[in-house]
Amino acid sequence: MKYDYLIVGSGLYGAVFARKATDAGKSVLVIDKRPNIGGNVYTEDIEGIHVHKYGAHIFHTNIKEVWDYVNQFAEFNRFTNSPVANYKGELFSLPFNMYTFNKMWGVVTPEEAAAKIEEQRKEAGITEPKNLEEQAISLVGTDIYEKLIKGYTQKQWGRPCDELPAFIIKRLPVRLTFDNNYFNALYQGIPKGGYTKMVANMLDGIEVKLGVNYLDNKEEYDAMADKVIFTGPIDEYFGFKLGYLEYRSVRFENEVLDKPNFQGNAAVNYTDAETPWTRIIEHKWFEFGKDDAGNDLPKTVISREFSSEWKPGDEPYYPVNDDKNGKLYQEYKELGDKEDKVIFGGRLGEYKYYDMDAVIASALDMAKKELG
Ligand code: UDP
């Protein structure tokens, strides 16, 4: 049997491309080495709660085309992400907004907050931020950097802030308003029924084989299709022959608790350097919103997240987009461009710190290019 496309990986990139190709009349086979579809957006049912097994995923986008696209496959709830930071028992509002500045400095007006940030920036003497530390201080000042950024970032990335690229911290908004919506996004929510169901709807009617590893039988699989869409790690595809790209991995410790409400919020970040986990996710609050409807369930499921350096055998989560890895990726990309039968896509295939909407946009773009 010959397929037009063999799609390796049933995460968002693979599922969107598979849907588009199928709708364009192409024959498609999707394979995944895991026993389930969905890649890292996979959600698992525990105690009636959709647990984000590979880390919390909150869908947010400014791209209307992407929002309209995903809404064909799921209805989204009105979840708005507003994490709380816990610094040694002191709680702060995230992202950095007037509630945060008020708690940190007692300032009341936006002018006072801006003046405080400016004063701390001047004191630090930063004109052109060259790394994450300097970028953070110039955005929010030294106090917030010390209490809410430094420890968390070093735990998450395993590197000191002055060795990390500035762009990582630019993901976070800084606002002189009382607005604690984490994302600057027009559209936001979580699919009702979980992400797995959304991906299953995308793959409806498409042949999917689970628990099979493409790289173990590459030649056999390549012979089955005209083209291959590969969404795994690009360095693994090439047998790591130019060296390993670095990733951060995450270990999750899940716990079912006999209480309806553990922390009153989906995400609490532990921003000090000493607490070994970066954050605790309480999954039920992704589903039930901010009211207390979730209290109807007598139990709750929490996940503590521990960040670690990726080593072979671990799940890769975050590409480390620094200079060294950027250069190595470029070399792999050049090899990839020579494989005319294979398209590399997604967070791992393109070694890019993509959000979900950007992955979908990228898959839709590729589908346009490929399928017309
Ligand atoms: N960050 C921080 N303190 C926080 C939350 C985030 O310093 O409480 C920094 C940290 O460097 C992190 C970056 O902001 O890597 C981006 O955070 P984001 O929440 O976007 O990361 P993700 O959701 O992708 O894990």
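Note that the coordinates shown come from a computational prediction; the quantities given were computed from them, not determined experimentally.

Cut-offs and rules
- Residues numbered from 1 in each chain as written.
- Predicted model: local features only at pLDDT ≥ 70, side-chain atom pairs only at ≥ 80, totals over all residues.
- Heavy atoms only, no water.
- Near = heavy atom within 4 Å.
- Polar contact = N/O pair within 3.5 Å; in protein donor to acceptor, adjacent residues only side chain to side chain.
- Areas by Shrake-Rupley, 256 points an atom, 1.4 Å probe, with all protein chains shown as cover.
- Helix = DSSP H or I, 4+ residues; strand = E, 2+ residues; numbered from the N terminus.
- Nonpolar A, V, L, I, M, F, W, Y, C, P; charged D, E, K, R; others polar.
- Expected span 1.5 Å × (residues − 1).
- Buried < 20%, exposed > 50% of the residue type's maximum accessible area, 1.4 Å probe, protein only.
- Contact = heavy atoms within 4.5 Å.
- Axes fitted to C-alpha atoms, helices over the stretch in contact; angles between N-to-C directions.
- Left-handed = near helix turned anticlockwise from the far one by under 90°.
- 1 Å grid on protein atoms, 1.4 Å probe; cavity = no way out; pocket = protein on both sides within 12 Å on 5 of 7 lines; lining within 4 Å.
- Points joined across faces, edges and corners; volume = space filled by probe spheres on them.

**Observations concerning the site of the ligand**
By nearness alone, 17 residues border the ligand, and Thr-153, Trp-157, Tyr-182, Tyr-318 and Tyr-353 come closest of all. Here an oxygen atom of the ligand sits 3.4 Å away from a polar atom, N or O, in the side chain of Gln-156. Tyr-182 has a polar side-chain atom sitting 2.6 Å from an oxygen atom of the ligand. The fraction of the free accessible surface of the ligand (520 Å²) that becomes covered by protein chains is 93%. Within the residue set of the shell around the ligand, elements represented by two or more residues are helix H6 (142-157) and helix H7 (167-170). Ranked by residue count, the leading element in the shell around the ligand is H6, at six residues. Here the residues of the shell around the ligand sort into eleven nonpolar, four polar and two charged.

**Brief notes about helix H14 (residues 356-371)**
Look at H14: 22 Å from first C-alpha to last across 16 residues, which is about the 22 Å you get at 1.5 Å a residue. Here H14 has its buried residues at Met-356, Asp-357, Val-359, Ile-360, Ala-361, Ser-362, Ala-363, Leu-364, Met-366 and Ala-367. Packed against the buried residues of H14 are helix H1 (12-23), strand S5 (59-61), helix H2 (64-71), helix H8 (195-202), strand S16 (342-344) and helix H13 (346-349). Looking one or two residues beyond H14, the residue adopting positive phi is Gly-372, at roughly 85°.

**Section: the packing of H1 against H14**
Where H1 contacts H14, the axes come no closer than 9 Å and their chain directions differ by 35°. Handedness of the H1/H14 crossing: right-handed. Residues Leu-12, Tyr-13, Val-16, Phe-17, Lys-20 and Ala-21 of H1 pack against Met-356, Val-359, Ile-360, Ser-362, Ala-363, Leu-364, Met-366, Ala-367, Glu-370 and Leu-371 of H14. Of the residues assigned to the contact of H1 with H14, the class counts are 13 nonpolar, one polar and two charged.

**Looking at the layout of surface pockets**
Taken as a whole, the second largest pocket holds about 340 Å³ of empty space. Residue lining of the second largest pocket: 18 residues in total, with Lys-333, Asp-337, Ile-343, Phe-344 and Met-366 positioned closest to the centre. Every element with two or more residues in the lining of the second largest pocket is listed here: helix H12 (323-338), S16 and H14. Here the residues of the lining of the second largest pocket are counted per class, giving eight nonpolar, three polar and seven charged.

**Focus: empty space enclosed by the protein**
Per the stated rule, a full pass over the model turns up one cavity of 30 Å³ or more. In this structure, the largest cavity encloses a volume near 50 Å³. Contributing elements (two or more residues each) for the lining of the largest cavity: H6 and strand S14 (300-309). Of the residues assigned to the lining of the largest cavity, the class counts are three nonpolar, three polar and two charged.

**Topic: the environment of Gln-135**
Its place among the elements puts Gln-135 in helix H5 (residues 132-140). Judged by its relative accessible area of 9%, Gln-135 is buried. Along the primary structure Gln-135 and Asn-77 are separated by 58 residues, whereas in three dimensions their C-alpha atoms are 34 Å apart. Ignoring any residue separated from it by four or fewer positions in sequence, one finds Gln-135 in contact with Pro-129, Ala-166, Ile-169 and Lys-170.

**A few points about the environment of Tyr-317**
For Tyr-317, the location among the structural elements is in the loop between S14 and strand S15 (318-319). A relative accessible area of 8% places Tyr-317 in the buried class. Taking the C-alpha atoms as reference points, Tyr-317 and Val-250, separated by 67 residues in sequence, lie 6.9 Å from one another. Beyond its immediate chain neighbours, meaning those up to four positions away, Tyr-317 contacts Asn-40, Tyr-54, Tyr-247, Arg-248, Ser-249, Val-250, Phe-252 and Arg-347.

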